[in-house]
Amino acid sequence: MLAILHPDTARDSEAYRQTLHYLENLPGVSLRVHEIQGTRQRLTEIYLIGDTKSLEKEEIEALPAVERAIRISDDYRILGRHKDDRRHSGFSYNGVTFNQDNLNVFAGLCAVDVPEHVEIMMKALEDHGQVCTRMGAYKPRTNPYSFQGHGKGCLPWVFEKAGKHGIKVVAMEITHESHIAEIDTCLEQLGRPTGVMLQVGTRNTQNFELLKAIGRQSTYPVLLKRGFGITLNESLNAAEYLASEGNADVVFCLRGMKTEAGQPHRNMVDFAHVPAVKRLTRMPVCVDPSHSVGSREQSPEGILDVMHATAQGVIAGANMVLVDFHPKPEKALVDGPQALQLHELPAYLEDIQLCHDTWKKRRAIYQRMRQAEQE
C-alpha cells in the first residue's frame, strides 16, 4: 500500500509525526519514505511493505498528513502507475524537464574521441537550439581489445565544452560505481558547467550492485537501457532497483532486442513497447534508433532506416531520443558506420518535431473520442 501525503507536508509538523508514529507501529509492516521535489511543491510518498492486505484504505486516509492511499501491486512498486494517473510523473534536472508528455533529443558521440570532434558536435547542437547530448567516456565492449573509452581523462574538456555551448545535460554511460565519484568530482572542480544523466548500458541492466549504487545517489538522474536478451518485465524491474534505493528520476530506454530475427538490422526494433512502458510505469521513455538499426542503410525514397525507426518511436509517444552523430564518422572510434552526419541534423530534428506534433494530434483524437463516450 502507498500513502501519499498532502503536498509540502513538513517533516517537523505535528501531522507528519502523528502519521508516521501510527504507520511505524503497524504490525508486520515496514516503511520506505520517498520525497519528490517538483518545480512547485514537494511530495512525500510512504510505501507500506509487508502484511498490508488487512489494512483498510479509509483507515490510512484518515491519518492527519495523508491525502490518499493506493493499493499497489508487487511489480514496479515505486515506478508503476497502479491505476492512478494523479501521481507525480517525471522530473526536472538542471533546467530540463523529463516526463511522459514532452520530448528531448540527445544527439552526440557514442564515444568521445578527440576534443575537435566534441567541439564541432557541441557547436552544431547549440546552433540548432539543442541543450542535451550524448557523450561516451566509459565504453563497455564485447571485444577486450576494442577501444574502451578515454574515461575520466576526457571529462574536464567534455564538460567545459558542454558549458561553453549551453548544453545542460550530457548522457554518459558508466560501468562501475567509481565512475559516479569521478564525474561528480570533475563537475564540482569545474563549477558544474553542465549536468550529467548517468546511463546504464544494456550489458549492465542486471548488474544489481551497480544499480543499487547508482540508486543510492540522488544528484544525477538515470537513463536505463533495456537488457538486450531479457524480457521487458525483467528490465522494468531493473529500473525499480534504482528507485527502491532512493532515486526515482529514471528514464527507460528501448534499444532493440538481440536476436537473429531482427536482421538486416543490428537488433529487433522494439519501439512498439513505448506505449506499453508508459502504461505500466510513470517513467519517461527513450528510444535509441542507432543501436537498434546499426547501419546507414536507406529505403528507396532516400530516408535512412535510423530515421524511420526514430519516427516509429516518437509517433508512438517516446519522450527522448538517444542517437549517434559524428562530424567525421570514418574517424569514429566506436560505431562510426551507424552514425548520422552533421549535415543531416537539421532535417532529422525537423522530422522528429513533425512526428511529435503528430503524436499530440493522435492523442487529441482519442481524448475527444473518450469524452464523447462519457457524455
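Fair warning: this is a prediction, and the values are worked out from it, not measured in the lab.

(A) Quick look at the pairing of strand β11 (residues 222-225). Side chains Val222 and Leu224 project from β11 onto one buried face, and the interleaved Leu223 and Lys225 project onto a second face that is buried too. With 3 bridges joining them, strand β10 (residues 195-200) and β11 adopt parallel strand pairing. Bridge pairing in β11 places Val200 opposite Leu224. Across 4 bridges, the pairing between β11 and strand β12 (residues 250-254) is parallel. Bridge pairing links Leu224 to Phe252 in β12. Read from β11 through helix α7 (residues 232-244) to β12, the crossover connection turns out right-handed.

(B) Quick peek at the nonpolar core. If you look at the biggest cluster of nonpolar residues, it comprises 90 residues, and the most contacted ones within it are Met135, Met172 and Ile183. Counting residues per element, this core draws most heavily on α7, at 6 residues. If near-sequence neighbours (up to four positions away) are discounted, Ile183 is found in contact with Tyr138, Leu155, Phe159, Met172, Ile174, Val196, Leu198 and Tyr220. One finds Ala3, Tyr16, Leu48 and Val66 within the second-largest nonpolar core, a separate group that totals 16 residues.

(C) Region of interest: helix α10 (residues 305-315). When you tally the buried positions in α10, you get 8 out of 11 residues, the bulk of the element. All of the buried residues along α10 are Asp305, Val306, Met307, Ala309, Thr310, Ala311, Gly313 and Val314. On the buried face of α10, the contacting elements are α8 (274-280), β13 (285-287), α9 (289-293), β14 (320-324) and α11 (345-374).

(D) Up close: the environment of Glu67. The topology assignment puts Glu67 in strand β4 (residues 66-70). Apart from the residues lying within four places of it in its own chain, the contact partners of Glu67 are Ile4, Leu5, His6 and Pro7. Polar contacts involving the side chain of Glu67 include one to the side chain of Arg68, which spans 2.9 Å.

(E) Just unusual backbone geometry, in detail. A cis amide bond links Gln263 with the next residue in sequence, Pro264, at an omega value of 15°. One can find Pro264 in the loop between β12 and α8. Although it is not a glycine, Asn94 sits at a positive phi angle of roughly 55°. Of note, Asn94 is situated in the loop between β5 (91-93) and β6 (96-98). Non-glycine residue Arg192 carries a positive phi angle of around 50°. Inspection of the secondary structure assignment puts Arg192 in the loop between α5 (178-189) and β10.

Rules used in this analysis
- Residues numbered from 1 in each chain as written.
- Predicted model: local features only at pLDDT ≥ 70, side-chain atom pairs only at ≥ 80, totals over all residues.
- Heavy atoms only, no water.
- Buried < 20%, exposed > 50% of the residue type's maximum accessible area, 1.4 Å probe, protein only.
- Helix = DSSP H or I, 4+ residues; strand = E, 2+ residues; numbered from the N terminus.
- Pairing = 2+ DSSP bridges.
- Right-handed = clockwise from strand over helix to strand, strands pointing away.
- Core = buried A, V, L, I, M, F, W, Y, C linked by side-chain atoms within 4.5 Å.
- Contact = heavy atoms within 4.5 Å.
- Polar contact = N/O pair within 3.5 Å; in protein donor to acceptor, adjacent residues only side chain to side chain.

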